[in-house]
Amino acid sequence: ASNLLVPLLHHADLLLRRTGIPQDDKLGALLPLVQGTLQNVKNFDAAGALTGPLARGDELSIKLHIEALSEFPGTQRIYREMSFAALQMALTEKIIDRGTHDRLRAQLEKNDLLFEVHSKGDIGLLASPDRLFSGPGIQFLLPEDLHIRF
C-alpha cells in the first residue's frame, strides 16, 4: 500500500505545481494532510480516518473536483477510481447510507467513459464507470447518439 501513496502524492504535487506555489510551500501544504491522515488511521482505523466530501455526502464538492481535474484526465481517472473505492468502504462501514452512496456514485460516473485510439486505428475502451478494460476483442454497447470522429 505504501508504494501507491507515492504516485498519489506525485499527482497532487503536479497539480500544485500548476498553481505556481513554490516547492517548499507545496510540501508544507501536503505533508500535514498526509501525516494527519496517517495518524487518524493509527488512532482509529482506515474507515474511521475517512473524511472529506465522500464521508460528508457532499455531491457538489465531488462535482467541482471532477470539473477542476478535467484538463488532467489521468489524474481525474485516479480521483474517480479512488473515490469509488472510498465510496464502497463508506457504505460497507456504515459511514454513509445507500441513498447517499447512490447519489455520489452517480456523480462520479457522469461522463466517465474514456477511449484510446491505438496506432493501428482501432479503438479500445479504457474505462467505464464500473470497470477498466484493455486488450483486443473487447465488445461493448454504445448509446446510439454517441459518434466518434477522426
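Residues numbered from 1 in each chain as written. Predicted model: local features only at pLDDT ≥ 70, side-chain atom pairs only at ≥ 80, totals over all residues. Heavy atoms only, no water.

Trainee: Got a sec to walk through the overall build of the chain? Specific residues and values, please.
Mentor: Counting secondary structure elements, the chain contains 6 helices and 2 strands. Listing every helix and strand of the chain by position from the N terminus yields α-α-α-α-α-α-β-β. Buried positions account for 26% of the 150 residues belonging to the chain. Long-range contacts, defined here as pairs at least 24 residues apart, represent 52% of the contacts in the chain between residues at least 6 apart. Surface summary for the chain: the accessible area is close to 10,500 Å², and the carbon and sulfur share equals 58%. (Helix = DSSP H or I, 4+ residues; strand = E, 2+ residues; numbered from the N terminus. Buried < 20%, exposed > 50% of the residue type's maximum accessible area, 1.4 Å probe, protein only. Contact = heavy atoms within 4.5 Å. Areas by Shrake-Rupley, 256 points an atom, 1.4 Å probe, with all protein chains shown as cover.)

Trainee: So, the layout of surface pockets: which residues are in play, and what are the values?
Mentor: Of the volumes computed, that of the largest pocket is approximately 1,800 Å³. Forming the walls of the largest pocket are 40 residues, and the residues nearest its centre are L5, L8, T37, L50 and M82. Going through the elements one at a time, α1 (2–18), α2 (23–43), α3 (53–56) and α5 (73–92) are the ones with two or more residues in the lining of the largest pocket. Considered class by class, the residues forming the lining of the largest pocket number 27 nonpolar, 11 polar and 2 charged. (1 Å grid on protein atoms, 1.4 Å probe; cavity = no way out; pocket = protein on both sides within 12 Å on 5 of 7 lines; lining within 4 Å. Points joined across faces, edges and corners; volume = space filled by probe spheres on them. Nonpolar A, V, L, I, M, F, W, Y, C, P; charged D, E, K, R; others polar.)

Trainee: With reference to specific residues and values, describe α1.
Mentor: Note that an α-helix has 3.6 residues per turn; residues three or four places apart therefore point the same way. For α1, built from 17 residues, the straight-helix expectation of 24 Å at 1.5 Å per residue is met to within 8% by its first-to-last C-alpha distance of 25 Å. Of all the residues in α1, the buried ones are H11, D13 and L16. Of the residues trailing α1, G20 is marked for its positive phi of about 85°. (Expected span 1.5 Å × (residues − 1).)

Trainee: With reference to specific residues and values, describe the nonpolar core.
Mentor: Residues L54, I62, I66, Y79, L87, L104 and L108 are the most contacted members of the largest nonpolar core, which totals 14 residues. Mapped onto this core, the elements with two or more residues apiece are α4 (59–68), α5 and α6 (98–109). Counting residues per element, this core draws most heavily on α5, which supplies 5 residues. In contact with Y79, not counting residues within four places along its chain, are I62, H65, I66, L69 and L108. (Core = buried A, V, L, I, M, F, W, Y, C linked by side-chain atoms within 4.5 Å.)

Trainee: A description of the confidence of the model for the chain should follow, citing residues and the corresponding values.
Mentor: For the chain, per-residue confidence averages 79 on the pLDDT scale, and residues scoring 70 or more make up 73% of the total. Scored below 50 in pLDDT, residues 125–136 makes 29 contacts in the model with residues more than four places away or belonging to other chains. (pLDDT = per-residue confidence, 0-100.)

Trainee: Can you lay out the packing of α4 against α6 for me, pointing to particular residues and giving the numbers?
Mentor: Packed helices, taken two at a time, are described by the angle their axes make and the gap between the axes. Where α4 contacts α6, the two axes come as close as 10 Å, and the packing angle between them is 15°. Taken together, the axes of α4 and α6 are roughly parallel relative to one another. The handedness of the crossing between α4 and α6 is right-handed. In contact with E59, I62, K63 and I66 of α4, α6 contributes R103, L104, Q107 and L108. Partitioning the contact of α4 with α6 into residue classes produces 4 nonpolar, 1 polar and 3 charged. (Axes fitted to C-alpha atoms, helices over the stretch in contact; angles between N-to-C directions. Parallel < 35°, antiparallel > 145°, perpendicular 65-115°, else oblique. Left-handed = near helix turned anticlockwise from the far one by under 90°.)

Trainee: Which residues make up the packing of α5 against α6, and what values do they have?
Mentor: In contact at an axis separation of 10 Å, α5 and α6 are set at 175° when each is read in the N-to-C sense. Taken together, the axes of α5 and α6 lie roughly antiparallel to each other. Touching Y79, R80, S83, F84, L87, Q88 and L91 of α5 are R98, H101, L104, R105, Q107, L108 and E109, all from α6. Its residues assigned to classes, the contact of α5 with α6 comprises 6 nonpolar, 4 polar and 4 charged.

Trainee: Now, about the pattern of salt bridges: what can you tell me, with residues and values included?
Mentor: Counted according to the given criterion, the structure contains 7 salt bridges. Residue D13 pairs with R17 through a salt bridge whose shortest N-O separation is 2.7 Å. Highlighted residues: D13 and R17, both in helix α1, separated by 4 residues, approximately one helical turn. Of the charged contacts in the structure, one is a salt bridge between E71 and R18, with a shortest N-O distance of 3.1 Å. You can see E71 sitting in the loop between α4 and α5 and its partner R18 sitting in helix α1, a full 53 residues away along the chain. The exposed category is assigned to E71, whose relative accessible area is 54%. Residue R18 is classed as exposed on the basis of its relative accessible area, which comes to 56%. (Salt bridge = Lys/Arg side-chain N within 4 Å of Asp/Glu carboxyl O.)

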